[in-house]
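Below are the chains, spelled out letter by letter.
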Amino acid sequence: MSAPLIETQNLVKTYGRGSSVIKALDEVSLTIDRGEFVAVIGASGSGKSTLMNMLGGLDKPDGGDIAIAGQSLARMSKRALAYFRNETIGFVFQQFQLLPKKSALTNVRLPMQYRRPRLDEENERARQSLERVGLGDRIHHKPTQLSGGQQQRVAIARALVGEPDLLLADEPTGALDSKTSTNVMELLVELNRQGITIVLITHDKEVADYANRVIKMRDGKIVEDVRQGVLA
Amino acid sequence: MRIPGLTTLTLASGSLLERPFRTLLTMLGIIIGVAAVFAMLSIGEGSRQKILENIDSVEARTISIFPNWNNGRASARRAWRPFTEQDVLDIQAIPGGEAATGELSQEYSIVSETSDWRANVIGADPQYLAANDLQMQRGRPITQTEIERRETVAVIGTSVVRSLFRGQDPMGERIKIQNIPFEIIGIVDETEGTNWRGQDQNNFVLVPRPTGRARLFGDDRLVRNQVRSIRIVGATHEDRARFEREVDFIMRRSRGLTADEAPDFRIFNFSANRQAVAETQRTLSLLLATMGAVSLIVGGVGVMNIMLVSVTERTREIGLRMAIGARGSDILSQFLTEALLLSIISGLLGLGLGYAVSQVSLGTDEIEMVFSPNIAILSFGSALLVGVVFGFLPAQRASQLNPIEALRHE
Ligand SMILES: Nc1ncnc2c1ncn2[C@@H]1O[C@H](COP(=O)(O)OP(=O)(O)O)[C@@H](O)[C@H]1O
Ligand SMILES: [Mg+2]
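Residues numbered from 1 in each chain as written. Chains lettered and ligands numbered in written order. Predicted model: local features only at pLDDT ≥ 70, side-chain atom pairs only at ≥ 80, totals over all residues. Heavy atoms only, no water.

Section: the domain arrangement of chain B
What counts here: Throughout the structure description, domain borders are defined by an automatic or database domain assignment.
You can read the domains of chain B as domain 1 (5-54 + 276-408) and domain 2 (82-263). If you average the C-alpha positions of domain 1 of chain B and of domain 2 of chain B, the two centres end up 55 Å apart.

Right under this line is the structure:
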């Protein structure tokens, strides 16, 4: 058996101090294998985003350890973490986070700008990534010329362009209506079928149903971890 | 092929061009600052070179002597006393002197067959041309004989030729001054520029001084053998002090002044004149330096301000870039490049402005400007320095943002 893609041990993250201390993550231990599609659910403030920031190397834990693709993040330098994010993680955000004045292609190309060494055929890779999310005919459109669903697809294409090991999506459908949400979720399911590991954060039970494993959080703790059959 | 740093540069120029008007406003301070620094350095260099270049010129070897009221001391108040022809002769006798002349002149209307024109009529002697660094263009100068016989001959400057004769040959023609006909025997070569009063230096008619005194200047309060000022050429840089001592001695003797009495004449030399000009230029340079420094600082603060605004406006972009792998140093160099690009463009525009302004308004005789690559580099460099210094803080602030918070920024 190969090593799990994600392994956390007793992850702790606290905010504030004294009597008003908040444990955003409280001894979270978790293992996720390659190829899984995991949904993390829970009420607002339960620690989902904090967990995602840990997994994505955007934040460091106050205690415990975390290893992604064999790399231990807790003691990594800022510089090494930046490189780790670039190579290993693809982020998808609720607010898309596209550069509004740049074309879809330019937006998708962005992560490759920080790859060392630089990849060849950056434009071609960006174009293919856009094709992969079904926007091959929109590569020169600016975000303002695209619908919300299309914008989130551009963001997904951007997350994929560097061929990451892990796709992290924090409420990717939070800003979309239910029909476009379905489209985006179907795209993620398809990408997962193609072998991409996805960790998705949502407070929406329906969205979570697309995943084949659902982890429920409350007050910084995992309170439920259920594997479910892929929906037909 | 990938050129290192090209991405950063494209990135920076793109974000500046997104808001061209704001960008231009921001650059204004630096543009003016660089222009002022450029002008200042050019003027400084100009005056330095002019002094060097003229150190051996006739002008530099000239001493001028003017009568003066007796230093304004009430008790010793005397009438203004002109010099005499004898003084001119005594000054001409100073050892090492090349030429010395007296001056006596008056503006008159000069009448030819077809038109008339106002010009300065100067009573000259044979050394007049040499003492004023003038050459003949055509014909011949006034001779000693013509002076002694008080002949009515004239040597004219090129402005008189142009204004009175309009393409016709003036040689041998007659002109009338105060209704007295003079025969033109020569034309003096053109001198460039204007004199210190801004008058045309080529607008004159030379006549023998005794002729002028007898027939023209008679109604002037100057009597017979007097002159208004004396010029002597020959006082080299090393020899000037001795010349001035000799002049002082001669004039005191002639005017009956003891060595410790205040003189009622003034001695001017090139270096005093240059010092006055240099003083003007120093003042101007100081003004420009102050203006340049203030503008550059204002421009720098403008750059800092616009960069801080830019960082704030683009906080989410910065957060995103960090999330997808930008290191702090990547963000730092992105914003520093932007600030630098801003100052590079401003610097170039500033050089252009400085040059343009110098061509339009400062190209006078008083203010000599000399341009050199070093001056351009130095003033351009001041823009770069401002860009780096004032761009650093915003860029550093950007690079130290927390990506999670930055992404949440509204
Ligand atoms: N930067 C922060 N400063 C202080 N408290 C924070 C910060 N980020 C998160 N928290 C707190 O940590 C807890 C978990 O937050 P978060 O992970 O964002 O929850 P979720 O994403 O599930 O809504 C919440 O109580 C939140 O208020
Ligand atoms: Mg959240």
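And the narrative resumes.
Thoughts on the interface of chain B and chain A
How big an interface is tends to be stated in terms of accessible area lost as the parts join. Let me state the cut-off plainly: Contacts were defined at the residue level, with two residues in contact if any of their heavy atoms lie within 4.5 Å. By definition, the buried area sums, over both parts, the 1.4 Å-probe accessible area that each loses when the two are put together. Think of a salt bridge as a Lys or Arg side-chain nitrogen and an Asp or Glu carboxyl oxygen that are within 4 Å of each other. Counted as a polar contact is a pair of N or O atoms within 3.5 Å, where, for protein atoms, one must be capable of donating a hydrogen and the other of accepting one, and residues adjacent in sequence contribute only when both atoms are in side chains. Note on conventions: DSSP H or I runs of at least 4 residues are helices, E runs of at least 2 residues are strands, and numbering of each starts at the N terminus.
Counting from both sides, the interface comprises 21 residues of chain B and, opposite them, 23 residues of chain A. Between chain B and chain A the total buried area reaches about 2,100 Å² when both faces are included, carbon and sulfur atoms providing 55% of it. For A:Arg116, the salt bridge is made with B:Asp330, and the minimal N-O distance between the two is 3.8 Å. Joining chain B to chain A, the criterion identifies four residue pairs in polar contact (both at pLDDT 80 or more). At the level of elements, α1 (6-17), α10 (315-323), α11 (328-361) and α13 (403-408) of chain B are the ones that each hand at least two residues to the side of chain B that touches chain A. With six residues, the single largest contributor to the side of chain B that touches chain A is α10(B).

Notes on the nonpolar core
Where we set the bar: Here, the term nonpolar core denotes a set of buried Ala, Val, Leu, Ile, Met, Phe, Trp, Tyr and Cys residues that are joined through side-chain atoms within 4.5 Å. Throughout, exposure labels follow a simple rule: accessible area from a 1.4 Å probe, protein chains only, divided by the maximum for the residue type, with under 20% read as buried, over 50% as exposed, and the rest as partly exposed.
One finds A:Leu51 and A:Val199 to be the most contacted residues of the largest nonpolar core, which totals 72 residues. Looking at which element gives the most residues to this core, the answer is helix α2 (residues 20-53) of chain B, with ten residues. Not counting residues within four places of it along the chain, the set of residues in contact with A:Leu51 comprises A:Leu11, A:Leu25, A:Val28, A:Leu30, A:Val40 and A:Met217. If you look at the next biggest cluster of nonpolar residues, it comprises 40 residues, including A:Ile156, A:Ala159, A:Val184 and A:Ile198.

Remarks on the sheet that holds strand β5 (residues 71-72) of chain A
Residue and element names in this part refer to chain A. To be explicit about the condition: In this analysis, strands are considered paired if DSSP registers two or more bridges between them. Simply put, an axis is a line fit to the C-alpha atoms, just over the touching stretch for a helix, and the angle between two N-to-C directions goes from 0 to 180 degrees.
Taken in spatial order, the four strands make up an open sheet running β2-β1-β4-β5, and their pairing is antiparallel. Unpaired on one side and paired on the other, β2 (22-32) and β5 mark the two borders of the sheet. One ladder, built from five bridges, connects strand β1 (residues 6-15) with strand β4 (residues 63-68); its direction is antiparallel. Within the sheet, the bridge partner assigned to Val12 lies in β4 and is Gly63. Contacting β1, β2 and β4, helix α1 (residues 48-55) runs over the sheet at an angle of about 125° to β1.

Comments concerning unusual backbone geometry
Residues and elements named next belong to chain A. Following Arg116, the chain continues into Pro117 via a peptide bond in cis, with omega recorded as -5°. Note that Pro117 resides in the loop between α3 (104-109) and α4 (122-132). Non-glycine residue Phe96 carries a positive phi angle of around 65°. The topology assignment puts Phe96 in the loop between β6 (89-92) and α3. Given the relative accessible area of 10%, Phe96 is considered buried. Unusually for a residue other than glycine, Asp219 sits at a positive phi of about 50°. Along the chain, the position of Asp219 falls in the loop between β9 (213-218) and β10 (221-227). A residue is classified by how much of its surface remains accessible, and Asp219, at 57% relative accessible area, is exposed.

Some details on the site of ligand 1
Filter applied, for reference: Near, as used in this document, describes a residue that has one of its heavy atoms within 4 Å of the molecule or strand being considered. Shrake-Rupley sampling with a 1.4 Å probe provides the accessible areas, and residues are treated as covered by the protein chains on show and by no other component. Buried and open spaces are told apart on a 1 Å grid over the protein atoms alone, a cavity being a set of points where a 1.4 Å probe fits but cannot get out and a pocket being an open set with protein on both sides within 12 Å along at least five of seven lines. Residues with an atom within 4 Å of a point are the lining residues. Cavities and pockets are treated as containing a molecule whenever more than half of the molecule's atoms lie within 2 Å of their grid points. Ten residue types, Ala, Val, Leu, Ile, Met, Phe, Trp, Tyr, Cys and Pro, are classed as nonpolar, four, Asp, Glu, Lys and Arg, as charged, and the remainder, Gly among them, as polar.
Near ligand 1, the surroundings consist of A:Tyr15, A:Ile22, A:Ala24, A:Ala43, A:Ser44, A:Gly45, A:Ser46, A:Gly47, A:Lys48, A:Ser49, A:Thr50 and B:Arg408. More than one chain lines the surroundings of ligand 1; the residues nearby belong to chains A and B. Measuring from an oxygen atom of ligand 1, one finds a backbone N or O atom of A:Gly45 at 2.7 Å. One nitrogen or oxygen atom from the main chain of A:Ser46 is found 3.2 Å from an oxygen atom belonging to ligand 1. Summarising the interface, the protein chains cover 67% of the accessible area of ligand 1, which totals 550 Å² for the free molecule. The pocket occupied by ligand 1, as judged from atoms lying within 2 Å of grid points, is the second largest pocket. The element best represented in the shell around ligand 1 is α1(A), accounting for three residues. Looking at side-chain class alone, the shell around ligand 1 contains four nonpolar, six polar and two charged residues.

As for the pattern of salt bridges
Close approach of charged atoms lets side chains of opposite charge pair. All names here are of chain A. Going through the model one piece at a time under the given rule, you end up with 39 salt bridges over all chains. Notably, a salt bridge pairs Asp165 with Arg34, separated by 3.3 Å at the nearest N-O pair. Residue Asp165 is located in the loop between α5 (148-160) and β7 (166-170), and its partner Arg34 is located in the loop between β2 and β3 (37-42); the two are separated by 131 residues in the primary sequence. Given a relative accessible area of 48%, Arg34 falls into the partly exposed group.

Observations concerning the packing of helix α3 (residues 85-92) of chain B against helix α8 (residues 240-255) of chain B
Residue and element names in this part refer to chain B. Convention followed: When an angle is under 35 degrees it counts as roughly parallel; over 145 it counts as roughly antiparallel; between 65 and 115 it counts as roughly perpendicular; any other value is oblique. Crossing handedness follows the turn of the near helix against the far one: under a right angle anticlockwise gives a left-handed crossing, and clockwise gives a right-handed one.
Here α3 crosses α8 at 150°, and the two axes come no closer than 10 Å. On the basis of the axis angle, α3 is roughly antiparallel to α8. For the element pair α3 and α8, the recorded crossing hand is right-handed. Along its contact with α3, which presents Asp87, Asp90 and Ile91, the element α8 presents Val247, Ile250, Met251, Arg253 and Ser254.

Focus on the packing of aromatic side chains
What counts here: Only Phe, Tyr and Trp rings are paired, with Trp represented by its six-membered ring, and only when their centres lie within 6.5 Å; those with planes under 30 degrees apart are stacked, over 60 edge-to-face, the remainder tilted.
By the definition in use, this model includes five aromatic pairs over all chains. For the ring pair A:Phe91 and A:Phe93, a centre distance of 5.6 Å and an interplane angle of 10° mean the geometry is stacked. A:Phe93 carries the same exposure label as A:Phe91, and that label is buried. A connected cluster of aromatic rings, assembled from ring pairs, spans B:Phe38, B:Tyr355 and B:Phe371.

Brief notes about the sheet that holds strand β3 (residues 99-103) of chain B
All names here are of chain B. Pairing is antiparallel in the open sheet, where four strands are placed in the order β3-β12-β1-β13. Sheet topology places β3 and β13 (265-269) at the edges, where each strand pairs with a single neighbour. Across the sheet, the axes of successive neighbouring strands diverge by a mean angle of 15°, strand direction being ignored. Sheet analysis places strand β1 (residues 62-67) next to strand β12 (residues 229-233), joined by four bridges and oriented antiparallel. Of the residues in β12, the one forming a bridge with Ser64 is Arg231.

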